[in-house]
Amino acid sequence: MIEIAILYILNKYDTTIYKLSKLIDEYFFAFIKTSAGTINPALKRLLDKGCVSFVERMSTGGLKTKTFSITTVGKKYLCDLLITFNQKNPNHFINEAKVVLFCSNVLSAGQLIEFKENLSNNLELNKLKLENGLKNEYITLFDLQKKLVLSSIEQIEKLIKLL
């Protein structure tokens, strides 16, 4: 998810790592909390893939700074990540679905149709898994556990309505 957030911000702004971290925190405040330990390795992966580039300059304080920007490859990769979103871990699915929905404004009209279809299918599949878990006769859930699963189902239903 951090790669999507980085590319989304760089699609809007050319920026330094410090400012990138701040912008991710500002834009994605409800979904992602960043740190240098997540941004730096993700930026390295994106650099290696040719998705971002940087220009190194001397700051007014005499320090070298790198200003990062998204490349054409990065823009395509961002769109591909959004369109093909498929989080397998149910612990992260709902939050990450919200992130990709949040970033979907970078997609073209045609891409948006494909994105919505894929996301809708993934939402329905995860909802079905949760519903089947509630019906599983071999699992005894306490009331609070059932309420938590039902809450997740409600969140997924709300996301489906947003599409």
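Residues numbered from 1 in each chain as written. Predicted model: local features only at pLDDT ≥ 70, side-chain atom pairs only at ≥ 80, totals over all residues. Heavy atoms only, no water.

Regarding the packing of aromatic side chains
Enumeration over the complete set of coordinates arrives at 8 aromatic pairs. When the centroid spacing of 6.3 Å and the interplanar angle of 70° are considered together, the rings of Y8 and Y27 count as edge-to-face. With a gap of 19 residues between them, Y8 in helix α1 (residues 2-12) and Y27 in helix α2 (residues 17-27) connect regions that are remote in the sequence. The exposure class of Y8 is buried, given its relative accessible area of 4%. For Y27, a relative accessible area of 22% translates into the label partly exposed. Between the aromatic rings of F85 and F93, the centroid separation amounts to 5.9 Å while the plane-to-plane angle is 25°, which identifies the pairing as stacked. Summarising the burial analysis for this pair, F85 and F93 share the class buried. (Phe/Tyr/Trp six-rings, centres within 6.5 Å; stacked < 30°, edge-to-face > 60°. Helix = DSSP H or I, 4+ residues; strand = E, 2+ residues; numbered from the N terminus. Buried < 20%, exposed > 50% of the residue type's maximum accessible area, 1.4 Å probe, protein only.)

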